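Fold and geometry: a report
Now for the letters of each chain:
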Amino acid sequence: LYHMASKKSNGESYGKGRTRSWTFIVYPDSAPENWRSILDEDHIQWIESPLHDKDLNADNEPKKAHWHILVMYESVKTYEQVKELTDRLNATIPQKCNGVRGLVRYMAHLDNPEKFQYDISEIVGHCGADVSELLKPSSSERYSLIREMINYVKDNSICEFQDLMDYASANRFDDWFPLLCDNSAYVVGQYIKSQRHRKNNSKRNYDGFTVDPETGEVFE
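Residues numbered from 1 in each chain as written. Predicted model: local features only at pLDDT ≥ 70, side-chain atom pairs only at ≥ 80, totals over all residues. Heavy atoms only, no water.

**Digging into the packing of helix 6 (residues 139-155) against helix 8 (residues 176-201)**
Between helix 6 and helix 8, the shortest axis-to-axis distance is 10 Å and the interhelical angle comes to 45°. Taken together, the axes of helix 6 and helix 8 lie oblique to each other. Along this stretch, helix 6 crosses helix 8, giving a crossing that reads as right-handed. Of the residues in helix 8, those touching helix 6 at Arg142, Leu145, Ile146, Glu148, Met149, Ile150, Tyr152, Val153 and Lys154 are Trp176, Leu179, Leu180, Asn183, Ser184, Val187, Val188, Tyr191, Ile192 and Gln195. Here the contact of helix 6 with helix 8 is built from residues that sort into 13 nonpolar, three polar and three charged. (Axes fitted to C-alpha atoms, helices over the stretch in contact; angles between N-to-C directions. Helix = DSSP H or I, 4+ residues; strand = E, 2+ residues; numbered from the N terminus. Parallel < 35°, antiparallel > 145°, perpendicular 65-115°, else oblique. Left-handed = near helix turned anticlockwise from the far one by under 90°. Contact = heavy atoms within 4.5 Å. Nonpolar A, V, L, I, M, F, W, Y, C, P; charged D, E, K, R; others polar.)

**What to know about the pairing of strand 2 (residues 45-48)**
By the bridge criterion, four bridges tie strand 2 to strand 3 (residues 67-78) in an arrangement that is antiparallel. Bridged to Gln45 within strand 3 is Met72. Direction of pairing for strand 2 relative to strand 5 (residues 124-126): antiparallel, over a ladder of three bridges. By the bridge assignment for strand 5, Ile47 is matched with Gly125. (Pairing = 2+ DSSP bridges.)

**Observations regarding the sheet that holds strand 3**
Taken together, the five strands give an open sheet; going across it, the order is 4-1-3-2-5, and neighbouring strands pair in antiparallel fashion. Each end of this open sheet is capped by a strand with a single partner; those strands are strand 4 (95-96) and strand 5. Seen against the sheet, helix 3 (residues 79-89) touches strand 1 (18-26) and strand 3 and runs at an angle of roughly 145° to strand 3.

**So, the pattern of salt bridges**
In the structure shown here, the tally under the stated rule is eleven salt bridges. Across the salt bridge formed by Glu48 and Arg36, the nearest N and O atoms sit 2.8 Å from each other. Of this pair, Glu48 sits in strand 2 while Arg36 is found in helix 2 (residues 35-40), placing the two residues twelve residues apart along the sequence. With a closest N to O distance of 2.8 Å, Arg172 and Glu148 form a salt bridge. With Arg172 in the loop between helix 7 (161-171) and helix 8 and Glu148 in helix 6, this residue pair connects regions lying 24 residues apart in the sequence. By relative accessible area, which is 22% here, Arg172 ends up partly exposed. Beyond isolated ion pairs, a larger network of salt bridges with shared partners links Arg105, Asp111 and Glu141. (Salt bridge = Lys/Arg side-chain N within 4 Å of Asp/Glu carboxyl O. Buried < 20%, exposed > 50% of the residue type's maximum accessible area, 1.4 Å probe, protein only.)

**Quick word on the packing of aromatic side chains**
The geometry of two aromatic rings is summed up by the distance between their centres and the angle between their planes. As enumerated under the stated definition, the model contains seven aromatic pairs in all. Ring geometry for Tyr152 against Trp176: centres 5.6 Å apart, planes inclined by 65°, an arrangement best described as edge-to-face. With a gap of 24 residues between them, Tyr152 in helix 6 and Trp176 in helix 8 connect regions that are remote in the sequence. Accessibility assignment for this pair places Tyr152 and Trp176 in one class, buried. Each ring, one from Tyr167 and one from Trp176, has its centre 5.8 Å from the other, and the planes form 50°; the classification is tilted. Given a relative accessible area of 26%, Tyr167 falls into the partly exposed group. For Trp176, a relative accessible area of 2% translates into the label buried. Ring-pair connections join several aromatic residues into one group, and the members of that group are Trp35, Trp46 and Trp67. Residue placement shows Arg36 over the ring face of Trp67; its charged tip is 5.1 Å from the ring centre. Over the aromatic face of Tyr27 sits the side chain of Lys64, whose NZ or CZ is 4.6 Å from the ring centroid. (Phe/Tyr/Trp six-rings, centres within 6.5 Å; stacked < 30°, edge-to-face > 60°. Lys NZ or Arg CZ within 6 Å of the ring centre and 35° of its normal.)

As structure tokens, then:
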């Protein structure tokens, strides 16, 4: 009786129950070589973190390298059902995921600046899982990114929207670029237009001549 009660208590502490989203950890040195194929063959949406090989314990000793895995089923699954999968992967036991977005952000430590910051481009969605949708910025984050873009436009005297898009595509593909494509192009474009208009109006006309107030150069 004590053994059964203890086992039940143990299971509950690891999140037994029924839910759609579960998480667990896979270790490179114990997982089968085809562990990704095993997951893919179950035809469930799942997300793989970057390899966490720079995490530290509380005593600053390196943690064992690992991947965080999120599996998202179309219907609720029990702990026992998901454990059948983790056993095939030699992974840790599964735990309920109460916040899918929060876990995906944790895969890169986006909200933990004291931890090593992993590249969000290395968070991989499998079987149709859309990582970009889960990483969409909140309203406050979106406003901060728009401010960054405006400051970049001002500091670099950007006068054409194309120049900003080219820069974002090449250098800020994970945050500025999708924002410009989805919902922020108008306000940033208006700012660029206003800057270009002000720059053009900075040349003043004197008796048919135009003088650039910054350089003193005179144009007919």
